[in-house]
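Examination of the molecular architecture
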Amino acid sequence: MNQEKIQQAVRLFLEGIGEDVQREGLRETPERVARMCAEIFGGYEEDAGVHLAKTFHTETGNLVLEKDIPFYSMCEHHLLPFYGKAHIAYVPDGSVVGLSKLARTVEVFARRAQLQEQLTEQIANAVMRHLKPKGVMVMIEAEHMCMTMRGVKKPGTKTSTYAIKGVFEEDKSLQQMFIQLLHREG
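Bear in mind that the values here come from a model prediction, so they are computed numbers and not experimental data.

Since the α-helix advances by 3.6 residues per turn, residues separated by three or four positions end up pointing in the same direction. For helix H5 (residues 116-131), which comprises 16 residues, the first-to-last C-alpha distance of 22 Å matches the rise-based estimate of 22 Å (1.5 Å per residue) to within 8%. Lys-132 sits one or two positions beyond H5 and adopts a positive phi of about 55°.

In structure tokens:
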């Protein structure tokens, strides 16, 4: 990540909206924004395969579901945040992954300029590619600040996206089980 280019861009942006970049409150803003970008867009530096590489043998082939994984990302269209929860289910084919690794996989892709539809697909593809389960289903529910703060201005509106791979494509009862488990309390 090129910190100097980010700082230059922030200075130009502030000047573009009519601000004085030498004003006390803004003098260090370009550096702060550059540091923030390293954190918010750090997913470009990560590989989901690293997180999904450590697996454990299992005899079961029953569905594994990790739900309500919080995430924050940035819309690539307006560079405004979108945030929500990711839900990942997979059917193991001889191995499972540590549960924290699914949350880390979400973070790898969420920490990039993103589209929600693309984020959902990237998570599902990474689980299929690296864990090699019989199937995976990913659902993301998110609120987009580009719809809340600007444009249509509809706070609280949520967008849901799905990615369905392997046995989940073929077996509608697995899809129904996934949805039912998402809505079950406790």
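This is not the end of the story, as more comes after the structure.
Moving on to the packing of aromatic side chains. For any pair of aromatic rings, the description consists of the separation of the ring centres together with the inter-plane angle of the planes. Applying the stated criterion across every chain yields a total of two aromatic pairs. On the basis of an interplanar angle of 75° and a centroid distance of 6.0 Å, the ring pair of Phe-71 and Phe-82 is categorised as edge-to-face. Highlighted residues: Phe-71 in strand S2 (residues 64-75) and Phe-82 in strand S3 (residues 81-91), separated in sequence by 11 residues. Assessed through its relative accessible area of 0%, Phe-71 is described here as buried. Its relative accessible area of 1% is what places Phe-82 among the buried residues.

Rules used throughout
Residues numbered from 1 in each chain as written. Predicted model: local features only at pLDDT ≥ 70, side-chain atom pairs only at ≥ 80, totals over all residues. Heavy atoms only, no water. Helix = DSSP H or I, 4+ residues; strand = E, 2+ residues; numbered from the N terminus. Expected span 1.5 Å × (residues − 1). Phe/Tyr/Trp six-rings, centres within 6.5 Å; stacked < 30°, edge-to-face > 60°. Buried < 20%, exposed > 50% of the residue type's maximum accessible area, 1.4 Å probe, protein only.

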